[in-house]
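Here is how the chains run, residue by residue.
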Amino acid sequence: MNIELRHLRYFIAVAEELHFGKAAERLNISQPPLSQQIQALESEIGAKLLERTNRSVSLTPAGQMFLKESYQIMAQVNAAATRAARMEKGELGEISIGFTSTTPFMHLVTLSLRQFRENYPEVGIHMHQMNTKQQISPLLTGRIDLGIMRNTSLPENLHHQLLFREPFILAVYEGHPLLAYKETGVNIQDIGQYPFVFFERDVGTALYDEIIQLLSLSGITPTIAQEAGEAMTILGLVAAGLGISIVTKSFTRMKVDGVHYLHFANSQAFSEVWLVSHNKRAIPAAANRLTQLLLKNILDHQKS
């Protein structure tokens, strides 16, 4: 059966006007082609839709049923077109995002996600916690659209945008001798004698590597007294006096009793936070819109 949307539009116009001349004027076509198209539609369907006399046009029972169905079809087509246009604009759809365990403590990231959720509630956001290196394969295969990660070596099909740089901070427990440097800042060379609490190597891969490199550049081989997989666990172990820890500034949003944060004196040590995506595979428009919002918030913050 070969029925086109224009046939439905023509039929709806005649059914509503109950006058071929008025329907033709409304459709901006001449009357004879309109009559021919209605006849072709009836022939294609195999049912008479309109009763015609010299003075009037009326719907048959089949025509009344077909009119109701035509309204529903046109409504579905219009709704589909509207949704497709909104998806193209990034107002609908799904986004999958990989994130490291410290991402929820990055204010500008969480602010952007909250704003995006409020502005585009019909976009589904699916968050997947993975360390930096674990995000690479899903980004290559398309299982995740965006990755929020620490700086690392990337394959050529992935590209990154720098979101911001996070200074390294020292976390110490209540009564620790290094608290004497709370106002002036701690020299990295002065912390090597104390035991450390670290991320487990296979959890905080990029951050682990960066901290080890930072200490190595200062001639320090750390004594790792304890390893943990979660940021809150690390700070809890610091509070318990099991060691000190080098963390990034986003950690300071976590207020843990018995933990104090000290900045490093005369140090430009920082960790880069990247937004990573595939450079050959198109990502959803909603992911592009979220990226733009995130970069805008970061730029506004830098200007303020």
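Residues numbered from 1 in each chain as written. Predicted model: local features only at pLDDT ≥ 70, side-chain atom pairs only at ≥ 80, totals over all residues. Heavy atoms only, no water.

Quick notes on the layout of surface pockets
Phase 1: Roughly 370 Å³ of internal volume is contained in the largest pocket.
Phase 2: Residue lining of the largest pocket: 15 residues in total, with Leu 108, Phe 164, Glu 166, Lys 249 and His 301 positioned closest to the centre.
Phase 3: Sorting the residues of the lining of the largest pocket by element identifies helix H5 (107-119), strand S6 (158-173) and helix H9 (285-303) as the ones contributing at least two each.
Phase 4: With four residues, the single largest contributor to the lining of the largest pocket is S6. (1 Å grid on protein atoms, 1.4 Å probe; cavity = no way out; pocket = protein on both sides within 12 Å on 5 of 7 lines; lining within 4 Å. Points joined across faces, edges and corners; volume = space filled by probe spheres on them. Helix = DSSP H or I, 4+ residues; strand = E, 2+ residues; numbered from the N terminus.)

Considering a nonpolar patch on the surface
Phase 1: The grouping of Leu 5, Ile 73 and Val 77 at the surface amounts to a nonpolar patch, some 200 Å² of accessible area in total.
Phase 2: The topology assignment puts Leu 5 in helix H1 (residues 5-17). (Patch = residues over 30% accessible without salt bridge, like charges linked within 9 Å, V, L, I, M, F, W, Y side chains within 5 Å. Areas by Shrake-Rupley, 256 points an atom, 1.4 Å probe, with all protein chains shown as cover. Salt bridge = Lys/Arg side-chain N within 4 Å of Asp/Glu carboxyl O.)

Some words on the packing of H5 against H9
Phase 1: Packing of H5 against H9 brings their axes to within 9 Å, and their N-to-C directions diverge by 130 degrees. In terms of axis orientation, H5 runs oblique to H9. The interaxial crossing formed by H5 with H9 has right-handed handedness. Along the contact surface, H5 presents Leu 108, Val 109, Leu 111, Ser 112, Leu 113, Gln 115 and Phe 116, while H9 presents Ala 286, Arg 289, Leu 290, Leu 293, Leu 294, Asn 297, Ile 298 and His 301.
Phase 2: When grouped by side-chain class, the residues that make up the contact of H5 with H9 number ten nonpolar, four polar and one charged. (Axes fitted to C-alpha atoms, helices over the stretch in contact; angles between N-to-C directions. Parallel < 35°, antiparallel > 145°, perpendicular 65-115°, else oblique. Left-handed = near helix turned anticlockwise from the far one by under 90°. Contact = heavy atoms within 4.5 Å. Nonpolar A, V, L, I, M, F, W, Y, C, P; charged D, E, K, R; others polar.)

Here's the deal with unusual backbone geometry
Phase 1: At Leu 18, a position not held by glycine, the phi torsion is positive, near 50 degrees.
Phase 2: Along the chain, Leu 18 falls in the loop between H1 and helix H2 (20-27).
Phase 3: The class for Leu 18 is partly exposed, based on a relative accessible area of 37%.
Phase 4: A positive phi angle, close to 65 degrees, is found at Asn 28, a residue other than glycine.
Phase 5: Turning to its location among the elements, Asn 28 is positioned in the loop between H2 and helix H3 (31-45).
Phase 6: Overall, Asn 28 belongs to the exposed group, its relative accessible area being 71%. (Buried < 20%, exposed > 50% of the residue type's maximum accessible area, 1.4 Å probe, protein only.)

Focus on the nonpolar core
Phase 1: Core analysis: the biggest nonpolar cluster contains 37 residues, and Leu 170, Leu 178, Ile 191, Leu 215, Ile 246, Phe 251 and Tyr 261 have the highest contact counts within it.
Phase 2: Elements with a contribution of two residues or more to this core: S6, strand S7 (196-199), helix H7 (205-217), helix H8 (231-239), strand S9 (245-248) and strand S10 (259-263).
Phase 3: Contacts of Tyr 261, omitting those with residues within four sequence positions, involve Ile 169, Leu 170, Ala 171, Leu 235, Val 247, Phe 251, Thr 252 and Met 254. (Core = buried A, V, L, I, M, F, W, Y, C linked by side-chain atoms within 4.5 Å.)

Describing the pairing of strand S5 (residues 146-150)
Phase 1: Among the five residues of S5, five are classified as buried, and the element is accordingly described as predominantly covered.
Phase 2: Burial along S5 is two-sided: the residues Leu 146, Ile 148 and Arg 150 and Gly 147 and Met 149 are all buried.
Phase 3: Where strand S3 (residues 93-99) lies against S5, three bridges are found, and the strand directions are parallel. Within the sheet, the bridge partner assigned to Ile 97 lies in S5 and is Leu 146.
Phase 4: Where S5 lies against strand S11 (residues 270-278), four bridges are found, and the strand directions are antiparallel. Along S11, the bridge assignment pairs Gly 147 with Val 276. (Pairing = 2+ DSSP bridges.)

By themselves, these observations are geometric and do not establish any function.
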